[in-house]
Structures are given as structure tokens and as C-alpha cells.
Amino acid sequence: MLQSKLFTKVIKEAPKDEVSFNAQTLIRAGFIDKLSAGVYSFLPLGLRVLRKIGDVIREEMDKIGGEEILMPVLVPKENWEQTGRWESFDVLFKLKGGDEKEYALGATHEEVITPLAKKFLFSYRDLPIMPYQIQTKFRNELRAKSGIMRGREFLMKDMYSFHADQADLDSFYEMAKHAYFKIFERFGLGAITYLTYASGGAFAKYSHEFQTICQAGEDIIYICDNCKVAINKEIIAEQNQCPICGNKEFREDKAIEVGNIFKLASRFSQAFNLKYLDKDGIGKDLVMGCYGLGLSRVMGAIVEVSHDDKGIIWPEEIAPFKVHLILLGKKESWEKNKAEADKLYEKLTAEGVEVLYDEREDKGPGEKFAEADLIGCPIRLVISDKTLAEDSVEVKKRNSEKSKLMKLDSLVKDFIV
Ligand SMILES: [Zn+2]
């Protein structure tokens, strides 16, 4: 992509009403725009990141048997009443349709997926199923000041699993845990994300959160360093030892919850009278699990934990572009340098490498480098009078101070691909 064609621009000053680092930085760098508290637009660079986060999640969910669907945002009142959550779910956005029918905007989708599953699940042969979606969720949060880490409107992956019995749910639940860790590793968050024991509510001893260590996080977790697991604040009072090794020495840290998984038992299947026939033809309750992961929240968390004083440092797999190619030159050498840079851009693009190409003639080197650091693509390439004197390109990784010259004709095969 040519940087001159990008309709968004880097902004010099962070917006004054934005307190969180992730939103300030993402707004300045042109990834997102704030419409109102907790409500953001995703601009071309930001949407690329969000889509890549979604692609990683899809791949890992599909590997464990997930089937992607898309459910409605408008969920009728009667569905919420059937589970008792019209009154008890305090962050629902409620609204009336033209026919006076009432709805809530989807804050979670058990009230849709369970009656949906009822249309297809009849026998033990139909089980298990693991549908999921990636969709905008709405929660009427009183406080929305953590940028895209806690929005009133946010993108989330929610998977729901349906099983014939507890043993099948338990074994899938473990698979989902592993899939989540693979996802966080691919986001560069593996080493600082802890499986965190949380209250299981009425249906299980525990549920689990995935908490990423982050000083801007709103949660406090208690880490057992022997087992690399944690306990959340909610249950630390009653759970004063590590659920795995019994250790009572915890390290306290701040964290952001990037995912959570629950065993729901038959809470929702009973509410919608969803049953299946077992091998003997006897009607039985289904058991369910649910598995959430916040895409926009993960994006905010990555910015919070992976940056320096110049800007964002994106992990390669979800960077908006792998390469930021910068063209420099004096007036008299501009056309010659541009011809070389154009050639390199075309070659890389033809090889499938995603390149953001800064070919703007009206910007100086200082401004171009500062913008490249702020945007944070993993590899910076520079073509200038100096590099072309050696038939070379300057190559620098965003997470390293060192740069080196590489020959133009060997760059594509040696370094990028
Ligand atoms: Zn332990």
C-alpha cells in the first residue's frame, strides 16, 4: 500500500480526553478514531490488525472443531426472559422496535445459540458441536476509560460447545485451553498470559480467565510461580492456596483479562428445554461450555505491553504490514531513487510480502522515521542516496537498534521470504 494513498494521517498530539496509552497511541498512529467514550472506529491500519487477530483465532478454533457462524445483534426480550437475564444482566443495552417489541443488543449469545442448537440437535449422534462467531458485542459499562481494552462496543469471539455428558465437556474444555494458549503465543503474549482460576458460579468449581500482565490492566491477579497459573481477586479470599501445587506464596500483579472460559452445565439447555436422546432413546439434558476472547481488547493489550517511547512494536503475525519501505532522496536524485524503490515494492508485493511504502515526496527523513516507529511494522527498509551508492537497502527490525545494508538483488530471497 502506498502511504500517500492512506486517507488517515499520523496525528502529532494525542487527544486530550483520552487517558489510556493504548488508545492515545493507536489514535495518533492512525489505527483507530474515537467517536465517544468506549466507542471507536477502526481505520485501515487498525482494521488490518483486527482482521489478522481474527484470522489467528479462526485458525485455532477451526483446528479444535469450531464452526463459524454469525448471529444477530438484536436479541428479543423473550429470549432473555427465558433465562432470567433481562433483569439480572445489568449491562444490557435495551431498546424498542417500531412494533413496540423490545430487544437487547447482544452482550453475549447463549440466548440465541441455545434455541438455535435446539433446531439441529436431537440425538447423541449429533453431538458434540462447537459453533462460534466473531461479532461486535455491546455492554453498557458505566466506566469506559481503558481505551479499546474496555469498550461499550467491542469485537469478540464467542464459542459455545454442546455435549452429551460432563466427561465430553471436560475433555473439550482442556482442548480449548490449549488452543487459547496457542493463540496468545502467536500474539506474542504467551509468556505474560496466565491461566487464572476464577469463580465457577453455580455450575463448576472454577471458571478460567486468561490474564495478560499489563500495568494498565484493571484486574489484580495472584500468581503461583511454581505452576505459572494465577488466582483472580474475586476468589483469593476463599482460595488461599494454589489449586495445583498447594503453594500459599503468591506474587501480585496487574493484568488485563483477554479471554475467559466457563462450564455452563445445563443452565441454558434447561432454560430452553434442549434435550437429546441417548443410545437407549432416553431424553437427557445437554451440557454446555462457553469460550470468549476479546479481539479489540487483545489489540489494546498488545499496544500496552509491546511498545517503546517511539511507538508500537507489533508482533509479526498481526502487524498491519510486515515491511515499512521508506524512500528518501534529494530533489535531483528523487526520480532515480524512486525507480529503485518502486521496483523493490513491486518485487516484494509479488512475493506476497505486505508492504507499506512511504513514497511521499513532501516529508523529510525525520518525520518518515518517526512515523514508521510509531506505526510499528516489524521491518523497516530504507532506500536513499547512501544505500544506492552501495546497490543496497538499509534493513532494520523495529525491535532492534541495529541496522545493516543488504544488496538490493539478494534482499528478497535472503531476508524477506
Ligand atoms: Zn502452584
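The sections below set out a description of the structure shown in this document. (Residues numbered from 1 in each chain as written. Predicted model: local features only at pLDDT ≥ 70, side-chain atom pairs only at ≥ 80, totals over all residues. Heavy atoms only, no water.)

### Some remarks on the pattern of salt bridges
- Using the criterion set out here, one finds 33 salt bridges in the structure.
- D17 is the salt-bridge partner of K34, the closest N and O atoms lying 3.7 Å from each other. Separated by 17 residues along the polypeptide, K34 in strand β1 (residues 32-36) and D17 in the segment before α1 (21-28) bring together distant segments of the chain.
- Within this structure, E59, E60, K63, R186 and E317 form a network of salt bridges that share partners. (Salt bridge = Lys/Arg side-chain N within 4 Å of Asp/Glu carboxyl O. Helix = DSSP H or I, 4+ residues; strand = E, 2+ residues; numbered from the N terminus.)

### Examining the coordination of the zinc ion
- Coordination of the zinc ion by the protein comes from C224 (SG), C227 (SG), C242 (SG) and C245 (SG), over a distance range of 2.3 to 2.4 Å.
- Read in sequence order, the donor residues coordinating the zinc ion give the pattern C-x2-C-x14-C-x2-C. In this pair, C227 is assigned in the loop between β11 (219-224) and β12 (229-232) and C242 in the loop between α7 (233-236) and β13 (251-265), connecting sequence segments 15 residues apart.
- The buried category is assigned to C242, whose relative accessible area is 2%. (Donors = N, O, S within 2.8 Å, 3.2 Å for Na, K, Ca; no water. Buried < 20%, exposed > 50% of the residue type's maximum accessible area, 1.4 Å probe, protein only.)

### Examining the packing of helix α2 (residues 44-63) against helix α6 (residues 166-186)
- Between α2 and α6, the least distance of the axes is 10 Å, while the angle of their chain directions is 155°. In terms of orientation, α2 and α6 fall into the roughly antiparallel class. The interaxial crossing formed by α2 with α6 has right-handed handedness. Mapping the contact onto sequence places V56, I57, E59, E60 and M61 in α2 and A179, Y180, K182, I183 and R186 in α6.
- Across the contact of α2 with α6, the residue classes break down as six nonpolar, no polar and four charged. (Axes fitted to C-alpha atoms, helices over the stretch in contact; angles between N-to-C directions. Parallel < 35°, antiparallel > 145°, perpendicular 65-115°, else oblique. Left-handed = near helix turned anticlockwise from the far one by under 90°. Contact = heavy atoms within 4.5 Å. Nonpolar A, V, L, I, M, F, W, Y, C, P; charged D, E, K, R; others polar.)

### Thoughts on the nonpolar core
- If you look at the biggest cluster of nonpolar residues, it comprises 56 residues, and the most contacted ones within it are F31, F187 and W314.
- It is α6 that contributes the most residues to this core, eight residues altogether.
- What F187 contacts, discounting residues up to four positions off in sequence, is I53, V56, I57, V298, I302, P315 and I318. (Core = buried A, V, L, I, M, F, W, Y, C linked by side-chain atoms within 4.5 Å.)

### A short note on the layout of surface pockets
- In this structure, the largest pocket occupies an estimated 1,100 Å³ of space.
- In this structure, the largest pocket is lined by 49 residues; those nearest its centre are R139, E209, E257, N260 and F262.
- For the lining of the largest pocket, the leading source of residues is β13, giving seven residues.
- Residue composition of the lining of the largest pocket, by class: 21 nonpolar, 14 polar and 14 charged.
- For the second largest pocket, the calculated volume is near 310 Å³. (1 Å grid on protein atoms, 1.4 Å probe; cavity = no way out; pocket = protein on both sides within 12 Å on 5 of 7 lines; lining within 4 Å. Points joined across faces, edges and corners; volume = space filled by probe spheres on them.)

### Description of the packing of aromatic side chains
- Within this structure, the stated rule accounts for eleven aromatic pairs.
- When the centroid spacing of 5.0 Å and the interplanar angle of 35° are considered together, the rings of Y345 and Y357 count as tilted. Placement of the pair is Y345 in helix α10 (residues 334-350) and Y357 in strand β20 (residues 355-358), with a sequence separation of twelve residues. Neither residue differs from the other here; Y345 and Y357 are each classed as buried.
- In textbook terms, an aromatic cluster arises when at least three aromatic residues are bridged by ring pairs, as seen for Y180, F181, F184, F187 and F210.
- The ring of F321 carries the charged tip of R48 above its face, separated from the ring centre by 3.9 Å.
- It is R380 that lies over the ring of F369; its NZ or CZ is 4.3 Å from the centre. (Phe/Tyr/Trp six-rings, centres within 6.5 Å; stacked < 30°, edge-to-face > 60°. Lys NZ or Arg CZ within 6 Å of the ring centre and 35° of its normal.)

### Some thoughts on the sheet that holds strand β5 (residues 94-96)
- In spatial order, the strands read β4-β6-β5; together these three strands make up an open sheet with antiparallel pairing. Looking at the sheet topology across the chains shown, the edges are occupied by β4 (74-76) and β5. Pairwise comparison of adjacent strand axes, ignoring direction, gives a mean angle of 40° for this sheet.
- Direction of pairing for β5 relative to strand β6 (residues 102-105): antiparallel, over a ladder of three bridges. By the bridge assignment, K96 is partnered in β6 with E102. (Pairing = 2+ DSSP bridges.)

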